[in-house]
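Take a look at the letters that make up each chain.
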Amino acid sequence: LLLVVSFAIGPGTMFVVILSELYEEPNLRAKGMAIGTASMSFFSVVCNGSALSIFDAIGPGKCFLGYFFAYVACFLYLLVFLPETAGNKTIVHH
């Protein structure tokens, strides 16, 4: 339950917020959200599909430690390369 709650308030919803802020045009925003959702679903299948095999091979503690380092790497990447959108108008009205 803790894993689900942590994922729901952390990296699980992060891509929705980031993608919606990056694209101004509704058409590009829709394409970006579609690609982001598909990518997130793909990586969820890979992580969930391989978790039991990884648990058997190295144990759950080391597996979750690997996930932790991956999340830290993603956070640092976003911190360095994600453009600041505060103050920019990202919603286009027609």
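Residues numbered from 1 in each chain as written. Predicted model: local features only at pLDDT ≥ 70, side-chain atom pairs only at ≥ 80, totals over all residues. Heavy atoms only, no water.

Student: I'd like a rundown of the overall build of the chain, residues and numbers included.
Tutor: Helix and strand counts for the chain come out as four helices and zero strands. For the chain, the α and β elements follow one another from N to C terminus as α-α-α-α. Counting only residues that meet the buried cut, the chain has 13% of its 94 residues in that class. Looking at the chain alone, contacts between residues at least 24 apart form 60% of all its contacts between residues at least 6 apart. Accessible surface computed for the chain: about 7,400 Å², of which carbon and sulfur atoms make up 73%. (Helix = DSSP H or I, 4+ residues; strand = E, 2+ residues; numbered from the N terminus. Buried < 20%, exposed > 50% of the residue type's maximum accessible area, 1.4 Å probe, protein only. Contact = heavy atoms within 4.5 Å. Areas by Shrake-Rupley, 256 points an atom, 1.4 Å probe, with all protein chains shown as cover.)

Student: Could you give an account of the state of the cysteines, with specific residues and numbers?
Tutor: On inspection of all chains with the given rule, the structure shows zero disulfides. In this structure Cys47 is not part of a disulfide, and its nearest cysteine sulfur, from Cys63, lies 8.3 Å away. What makes Cys47 partly exposed here is its relative accessible area of 32%. (Disulfide = S-S within 2.5 Å.)

Student: With reference to specific residues and values, describe helix α3 (residues 26–58).
Tutor: With 33 residues, α3 extends 45 Å from end C-alpha to end C-alpha; this agrees with the ideal 48 Å at 1.5 Å per step. Largest kink in α3: about 40 degrees, centred on Ala51. Those residues of α3 that fall on the buried side of the exposure criterion are Gly32, Gly36 and Ala51. Trailing α3 by a residue or two, Gly59 shows a phi angle of about 95 degrees, which is positive. (Expected span 1.5 Å × (residues − 1). Bend = angle between axes of the 7 residues up to and from the residue.)

Student: Let's hear about the confidence of the model for the chain: which residues, and what values?
Tutor: Note: predicted coordinates in regions of low pLDDT should not be interpreted at a detailed level. Here the chain averages 80 in pLDDT, and 83% of its residues register 70 or above. Ranking the helices and strands of the chain by mean pLDDT puts α3 first, with 88, and helix α1 (residues 2–9) last, with 69. (pLDDT = per-residue confidence, 0-100.)

Student: Kindly report on the environment of Ile35, identifying the contributing residues and their values.
Tutor: In this fold, Ile35 is placed in helix α3. Ile35 sits in the exposed class, given a relative accessible area of 57%. As for Ile35 and Leu19, which are separated by 16 residues in sequence, their C-alpha atoms are 9.9 Å apart.

Student: Could you give an account of the packing of aromatic side chains, naming the residues involved and the relevant values?
Tutor: Scanning the entire structure with this criterion turns up five aromatic pairs. Relative to Phe81, the ring of Tyr77 lies with its centre 4.8 Å away and its plane at 45 degrees, an arrangement referred to as tilted. Of this pair, Tyr77 and Phe81 both sit in helix α4 (residues 60–81), four residues apart, which is roughly one turn of the helix. Classification of Tyr77 by relative accessible area gives exposed; the value is 52%. By the ring-pair criterion, three or more aromatic residues cluster together here, those being Phe55, Phe64 and Tyr67. (Phe/Tyr/Trp six-rings, centres within 6.5 Å; stacked < 30°, edge-to-face > 60°.)

Student: Quick rundown of a nonpolar patch on the surface? Include the residues and the values.
Tutor: Together, Leu65, Phe68, Phe69, Val72, Phe75, Leu76, Tyr77, Leu79, Val80 and Phe81 make up an exposed nonpolar region whose accessible area comes to about 1,100 Å². As for its placement among the helices and strands, Phe75 is situated in helix α4. The class of Phe75 is partly exposed, set by a relative accessible area of 49%. (Patch = residues over 30% accessible without salt bridge, like charges linked within 9 Å, V, L, I, M, F, W, Y side chains within 5 Å. Salt bridge = Lys/Arg side-chain N within 4 Å of Asp/Glu carboxyl O.)

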